[in-house]
Amino acid sequence: MFETHGRASRIGLQLLATLMILPFLAPLVFGLQGSFGGLGLGNYAKVWDTGVVPTVFINSAIIAVCTIAIVYVITMTAAYGFSKLRIFGREVWFWALLVALTVPEAVILTPLFVMASNFDLYDELVAVILPLAALQVPFTILIARNFFDGIPNQIIEAARVDGANVAQVFWMVVLPLTRPIAAAIIVFTLIGSWNSYLLPMLMLTDRSKQVVTLLPSYFTSQYTNDQTGVLAAAVMTAVPVIIVYLAFQKSFERGISAGALK
Amino acid sequence: MRPVSTAPARETLGRPVDSTGRPGSSSSPLGSRFAGVPWILPAVVLVIGLIYFPIGFLGYTSTLDWNGFILSTPEPIGDANYEEMLGDPVFWGALQHTVVFYVITFSVQTLVGFTFAALMHSRILLSNVYKAIVFIPVVLAPATMAPVFRQTFDQFGPFNGLLNAIGLGDLTRPWLADPTTAMPVVMFITVWQWTGLTFILYYAAMSQLNPEILEAARVDGASSFRVLRSIVWPLCRGTTAVLAVLGLIGALKTFDIPYLVTRGGPNHATEFLGTLVYFTMAQEKHFGYAATLAMALLVLAVTGGVLLRMSTRRSEDG
């Protein structure tokens, strides 16, 4: 975008870019530094010694995988229905879903908590998975419907003429075309579910059911505040996420752009 | 509420485009009047069961004086909770914080994200590393980063250390304990976290601009700044509109960062509606009033989303 004539302006741009990323880099560096304060690697040993590290990672992975699976299936079928099938009062249903997009998690927490207690689902992962999916689905349906609308109806009509039924059209014609938007759905749902904090904090109190975002809180309580332990826990939960992101950097970026751009 | 984008963005990502170029055509080719119902049913059931039902429950609870324990008897008190809310300075404060927070974080994110996207489309060494650093905060949990920021802005934390080192020792203070600086810190953290998303979307939008237009402007003698301001920025309008809507919804949903970093304090200086609802419910056990606040937040979120959507759609058409 910026034209660079000659060395001086090129160095100028490089400097500007470097200055801009410093504030983004600094907190990461501070966190890493702080996590080695005091006991050094001992802080990490301390986190490991809580004995819950494998458990919280497994639980977070289960929650993320289940949420992604539910969101993916529900989003794809609904987007197909909204975009390509006849539905009585279609836009009314669609708007009803869109309104849910604006509902903040904190708002429906009380009733969700009461519901979970009533159904005896308190301290079960499903009490986190289902609300997470419900909160995610309006957004993913919105972006998926946009994408499905871009698939020409002629392709579908052609398949119908060849004798495919509605389900076959979905399975054999439409789904294979939806790779980019599937990546978007998976990326957004993965970030949302892996990073969720409020729902797990409220619904999962049993130590064997907790998730990665709750790990730092093992080192803070009303009476103690083990800062280095907290930071080591934070780094331990952040590193796998950063690795996953770097490994799939292109898919992340493409997925997110595919979701927001039409 | 559909994400929108600029016209050039349409032929994107090798995706098939409707020959009319207008997605969302109203004619559905398939099936009888109800053919699609089973397909949308799971989504509708999930959202009604876990979002609409709770909202209905809230609407009912907001007319009660109830401490939330199943065994205790709630007492119906009509609209007393709503009256209490309208006279509650903390509620109005939270509302004001949300507005200021939205305007500032959205502006800064847009400015930084847009500039950075333009830079990454110029010839910059190590641009992949730069891009990754700006985007990493998006994938990190606020809950993971909150302890880091609490430490960073502590009285004896690295930020004050940095100020001392560069001779600005006079500015050092306990940033999170000072009511005048706690909110700027919360905004900084938000910008830190979400600029990567702004950047990625502008970056993608810019990749789809027609290079010939930019070339033509340059041949006519336009400066880089001029090209960005008068050509690239207007062509990215659709992206800006999407981000404005996402930002508004995000601002109203703000919870994790103020809850984890400042606990809404000091003295409600970083109170948002989300944190207020939560504290009223979880700490004060004042479920009826929490539900009332939640209803207010809900009404705001829905109206805000609809209004902003309408206004951005108009600016798109015009």
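Details of the structure are given in the entry above.
First things first, this report covers the structure right here in the doc.

With that out of the way, let us pick up the overall build of chain B. Helix and strand counts for chain B stand at 13 helices and two strands. Burial status across chain B gives 45% buried among its 318 residues. Excluding contacts between residues fewer than 6 apart, the proportion of contacts in chain B whose partners are at least 24 apart in sequence is 70%.

What follows deals with the overall build of chain A. Helix and strand counts for chain A come out as 12 helices and zero strands. Each helix (α) and strand (β) of chain A, taken in turn from the N terminus, gives the series α-α-α-α-α-α-α-α-α-α-α-α. Principal-axis analysis of the C-alpha atoms places the extent of chain A at approximately 70 × 70 × 30 Å. Looking at chain A residue by residue over its 262 residues, the buried ones come to 52%. If you take every contact in chain A between residues at least 6 apart in sequence, the share linking residues at least 24 apart comes to 79%.

Take the packing of helix 6 (residues 126-149) of chain A against helix 1 (residues 37-61) of chain B next. Contact pair helix 6 of chain A / helix 1 of chain B: the axes reach a minimum separation of 9 Å and the direction vectors enclose 125°. What the angle tells us is that helix 6 of chain A and helix 1 of chain B run oblique. As for how helix 6 of chain A packs across helix 1 of chain B, the hand of that crossing is left-handed. Of helix 1 of chain B, the residues touching helix 6 of chain A (which contributes Leu 130, Pro 131, Ala 133, Ala 134, Val 137, Pro 138 and Ile 141 of chain A) are Ala 43, Leu 46, Val 47, Leu 50 and Ile 51 of chain B. Looking at the contact of helix 6 of chain A with helix 1 of chain B, its residues break down into 12 nonpolar, no polar and no charged.

The interface of chain B with chain A comprises 97 residues on the first partner and 91 residues on the second. Here the side of chain B that touches chain A takes 14 residues from helix 1 of chain B, the largest share from any one element. For the side of chain B that touches chain A, the class distribution of residues is 72 nonpolar, 16 polar and nine charged.

Turning our eyes to something else, we now look at helix 10 (residues 237-253) of chain B. With 17 residues, helix 10 of chain B should cover 24 Å at 1.5 Å per step; its first-to-last C-alpha distance of 24 Å lies within 8% of that length. Counting buried positions along helix 10 of chain B yields 13 of 17 residues, so the element is predominantly enclosed.

Let us look at unusual backbone geometry. All names here are of chain B. Phi at Leu 126 is positive, roughly 60°, even though this residue is not glycine. Mapped onto the fold, Leu 126 is located in the loop between helix 3 (89-120) and helix 4 (127-139). Since 12 C-beta atoms lie within 10 Å of it, Leu 126 is described here as exposed. Phi is positive for His 268, close to 65°, though the residue is something other than glycine. Looking at where His 268 falls in the secondary structure, it is placed in the loop between helix 11 (256-262) and helix 12 (273-282).

Okay, the packing of helix 3 of chain B against helix 7 (residues 179-207) of chain B next. Residue and element names in this part refer to chain B. Viewed as axis vectors pointing N to C, helix 3 and helix 7 meet at an angle of 40°, and their least axial separation amounts to 7 Å. The angle between helix 3 and helix 7 falls in the class oblique. When you trace helix 3 past helix 7, the crossing you get is right-handed. Looking at side-chain class alone, the contact of helix 3 with helix 7 contains 17 nonpolar, eight polar and no charged residues.

Another aspect to go through is the environment of Asn 43 of chain A. All names here are of chain A. Mapped onto the secondary structure, Asn 43 falls in helix 2 (residues 42-49). The class of Asn 43 is buried, set by 25 C-beta atoms lying within 10 Å. The sequence separation of Asn 43 and Ala 233 amounts to 190 residues, and the corresponding C-alpha distance is 8.5 Å. In contact with Asn 43, not counting residues within four places along its chain, are Ser 35, Phe 36, Gly 38, Thr 228, Gly 229 and Ala 232.

Thresholds, definitions, all that
Residues numbered from 1 in each chain as written. Chains lettered and ligands numbered in written order. Predicted model: local features only at pLDDT ≥ 70, side-chain atom pairs only at ≥ 80, totals over all residues. Helix = DSSP H or I, 4+ residues; strand = E, 2+ residues; numbered from the N terminus. Buried ≥ 20, exposed ≤ 12 C-beta atoms within 10 Å, placed from the backbone. Contact = placed C-beta atoms within 7 Å. Axes fitted to C-alpha atoms, helices over the stretch in contact; angles between N-to-C directions. Parallel < 35°, antiparallel > 145°, perpendicular 65-115°, else oblique. Left-handed = near helix turned anticlockwise from the far one by under 90°. Nonpolar A, V, L, I, M, F, W, Y, C, P; charged D, E, K, R; others polar. Expected span 1.5 Å × (residues − 1).

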